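These are the residues of each chain, in order.
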Amino acid sequence: MKISCEKYILQSACTIASRATASKSPIPALEGLLLQAGIDLRVTGYDLKKGIYTNIAADIAEQGSIVVGARFFGEMIRRLPDGIVTISSDVNNNVNVKCGKSEFNFMGISADDYPEMPAVDSLNNISLPQKILKSMINQTIFAVSDSDVRPIYTGTLFEVEDDTLTLVSVDGYRLAKRCEKLESAKMENCSFVVPGSALADIERICADSDDAVSISVGSKHISFTIGETVVITRRLEGEFLNYRKSIPDNFRIEIEVERSEMMSTIDRVALIVSEKNSSPIRMIFGDGSIDCTCATPIGKAEDVCTCEGSGDGLEIGFNDRYLMDAFKASGTDKLKICLNTASSPCIVKAADGSEKFTYMILPVRLHAGA
């Protein structure tokens, strides 16, 4: 194999594909990047659960393929001077990399040792702008569970119904839902769960543009085609929460708050909360104001956030991080907080009546005098 390409383009491709390489694996090839020189250069990373490959323009002098250590190769390319990088390999897997006056020689791994990525038996297809998918992931991924007790919740539910795509994440303490109307969809009504780790990569790869993301759903795998990059991930199997039955429809109390003011208030009060000294924020919803207090062995903090409406003095405790994640992800200036009792879920949505996003947060039981 012998190829030449721009350092910046190669570095970008390596960074993207490296997100799917294994950090440690009994199969050494999985810790590497597969370089395949054909019509263009394809750079692939794969850890048996998730695969990413991207195609880049290159001058192909000699076709072939080789596996190179992802961390070592990525750092090498990053540190090379700007210019044209030439990569060549021989039948003994010796690799030579040149750029300007810099030159490296090292051993690669035979491409024959690299596992083949699964093919997606596309049953359904959908297309939507990159910026929309990026936004939908950003507004729901924070609620994906990081516990393997219920593996199905380590992913986000994608649900297609008529012309609407809905993403739902849940971790047992909170729920995040985001809906978007689809202008053009070839997908029948269906649902599938995508691992959160794959969605984090997809969010980074997507640009804030109207260029399309093509999603192909198979029986066991899903692929996301983003320009010249393809992400293939397994589907998570299991029964996902029936979110429609979990989100309350009617509320005794509905108040409106300015997002920035609410976040600043929580941020100040939560200053005395730490991993060693954790405590819920005690919130008293009064008439036109929300009194926030928190007490830990460090001390006590108090602050007040103005609001529109009355909470009739309802007192509820919340995990400060769960509240902040929801307010931060909403991206809307004015929010509506919907409540019933001190032990029932709190719902956060847009104050303008938009149903694009809904966040549900479970309260924390307060102890007397806490």
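All values reported here derive from a predicted model rather than from experimental measurement. (Residues numbered from 1 in each chain as written. Predicted model: local features only at pLDDT ≥ 70, side-chain atom pairs only at ≥ 80, totals over all residues. Heavy atoms only, no water.)

Examining the overall build of the protein chain
Rules: Only DSSP runs of H or I with at least four residues qualify as helices, and only runs of E with at least two residues qualify as strands; both kinds are numbered from the N terminus onward. Burial classes: relative accessible area under 20% of the type maximum marks a residue as buried, over 50% as exposed, and values in between as partly exposed (1.4 Å probe, protein chains only). In this analysis, two residues are considered to be in contact whenever any of their non-hydrogen atoms come within 4.5 Å of each other. We treat Lys and Arg as the positive residues and Asp and Glu as the negative residues; His and chain ends play no part in the count. Every charge is mapped onto a representative atom, which is NZ of Lys, CZ of Arg, CG of Asp or CD of Glu.
In terms of regular secondary structure, the protein chain is built from 7 helices and 23 strands. Taken along its principal axes, the extent of the C-alpha atoms in the protein chain is 75 × 50 × 35 Å. Residue burial in the protein chain is summarised as follows: out of 370 residues, 51% are buried. Taking the contacts inside the protein chain whose residues are at least 6 apart along the sequence as the reference set, 67% of them involve residues at least 24 apart. Averaging the locations of the 39 positively and 51 negatively charged side chains of the protein chain gives two centres separated by 4 Å.

A look at the sheet that holds strand β1 (residues 2–6)
Two modes of strand pairing occur in sheets, parallel and antiparallel, and in both the strands are linked by backbone hydrogen bonds. Rules: Should DSSP find at least two bridges between two strands, the strands are taken to pair. In this analysis, axes come from line fits to C-alpha atoms, helices being fitted only over the stretch in contact, and the angle between any two N-to-C directions falls in the range 0 to 180 degrees.
Strand order in this open sheet of 5 strands is β5-β1-β7-β8-β9, and the pairing throughout is antiparallel. In this open sheet, the two edge strands, each paired with only one partner strand, are β5 (59–62) and β9 (102–107). Neighbouring strand axes in the sheet, compared pairwise and without regard to direction, differ in orientation by 15° on average. Where strand β7 (residues 84–89) lies against strand β8 (residues 94–99), 4 bridges are found, and the strand directions are antiparallel. By the bridge assignment for β8, Ser 89 is matched with Val 95. The strands touched by helix α1 (residues 7–18) are β1 and β7; relative to β1, the strand with the most contacts, the crossing angle is about 100°. Strand contacts of helix α2 (residues 70–79): β7, β8 and β9, with the helix running at about 175° to β9, the strand carrying the most contacts.

A look at helix α4 (residues 196–205)
The buried fraction of α4 is high, at 8 of 10 residues. Looking at α4, one finds that the buried residues are Gly 196, Ala 198, Leu 199, Ala 200, Asp 201, Ile 202, Glu 203 and Ile 205.

Topic: the packing of helix α6 (residues 259–269) against helix α7 (residues 320–330)
Applied cut-off: To sort the angles, those under 35 degrees are grouped as roughly parallel, those over 145 as roughly antiparallel, those from 65 to 115 as roughly perpendicular, and the leftovers as oblique. The handedness criterion is simple: a crossing whose near helix is rotated anticlockwise from the far helix by less than a right angle is left-handed, and one whose near helix is rotated clockwise is right-handed. In this classification, the charged set is Asp, Glu, Lys and Arg, the nonpolar set is Ala, Val, Leu, Ile, Met, Phe, Trp, Tyr, Cys and Pro, and all remaining amino acids, among them Gly, are polar.
Running from N to C, α6 and α7 cross one another at 155°; their axes reach a closest spacing of 10 Å. What the angle tells us is that α6 and α7 run roughly antiparallel. Between α6 and α7 the crossing geometry is left-handed. Along its contact with α6, which presents Arg 259, Met 262, Met 263, Ile 266 and Asp 267, the element α7 presents Asp 320, Leu 323, Met 324, Phe 327, Lys 328 and Ser 330. The residue makeup of the contact of α6 with α7, split by class, is 6 nonpolar, 1 polar and 4 charged.

Comments concerning the packing of aromatic side chains
The relation between two aromatic rings is expressed through the spacing of the ring centres and the mutual angle of the planes. Operational definition: Between the rings of Phe, Tyr and Trp (Trp by its six-membered ring), a pair exists once the centres lie within 6.5 Å; its type follows the angle of the planes, with under 30 degrees stacked, over 60 edge-to-face, and the other angles tilted.
The full count for this structure, using the stated rule, is 7 aromatic pairs. Relative to Phe 106, the ring of Phe 72 has its centre 5.2 Å away and its plane inclined at 80°; by these criteria the two rings are edge-to-face. Taken as a pair, Phe 72 in helix α2 and Phe 106 in strand β9 lie far apart in primary sequence, 34 residues in all. Residue Phe 72 is classed as partly exposed on the basis of its relative accessible area, which comes to 43%. Between Tyr 153 and Phe 240 the ring centres are 5.3 Å apart and the planes differ by 80°, which places this aromatic pair in the edge-to-face class. You can see Tyr 153 sitting in the loop between α3 (130–138) and β11 (155–161) and its partner Phe 240 sitting in the loop between β17 (229–234) and α5 (243–246), a full 87 residues away along the chain. By way of ring pairs, the aromatic residues Phe 142, Phe 357 and Tyr 359 are connected into one cluster.

Remarks on the pattern of salt bridges
The cut-off we apply is this: When a carboxyl oxygen of Asp or Glu lies within 4 Å of a side-chain nitrogen of Lys or Arg, that pair is called a salt bridge.
Evaluated as defined, the whole model comprises 20 salt bridges. The partner of Glu 75 in a salt bridge is Arg 79, and the shortest N-O contact between them spans 3.1 Å. On the criterion of helical spacing, the pair formed by Glu 75 and Arg 79 is a turn pair, its members being 4 residues apart in helix α2. A relative accessible area of 64% means that Arg 79 is categorised as exposed. Arg 174 is the salt-bridge partner of Asp 171, the closest N and O atoms lying 3.0 Å from each other.

Things to note about the pairing of strand β20 (residues 299–318)
Bridge count between strand β19 (residues 281–296) and β20: 14 bridges; the pairing is antiparallel. Counted as the bridge partner of Cys 294 is Ala 301 from β20. Connecting the antiparallel pair β19 and β20 is a turn made up of 2 residues.

Details of unusual backbone geometry
Non-glycine residue Leu 48 carries a positive phi angle of around 80°. Relative to the helices and strands, Leu 48 resides in the loop between β3 (41–46) and β4 (50–56). At Asp 162, a position not held by glycine, the phi torsion is positive, near 55°. In this structure, Asp 162 sits in the loop between β11 and β12 (164–170). We classify Asp 162 as exposed; its relative accessible area is 59%.

Scope: geometric values only; no functional claims are made or implied.
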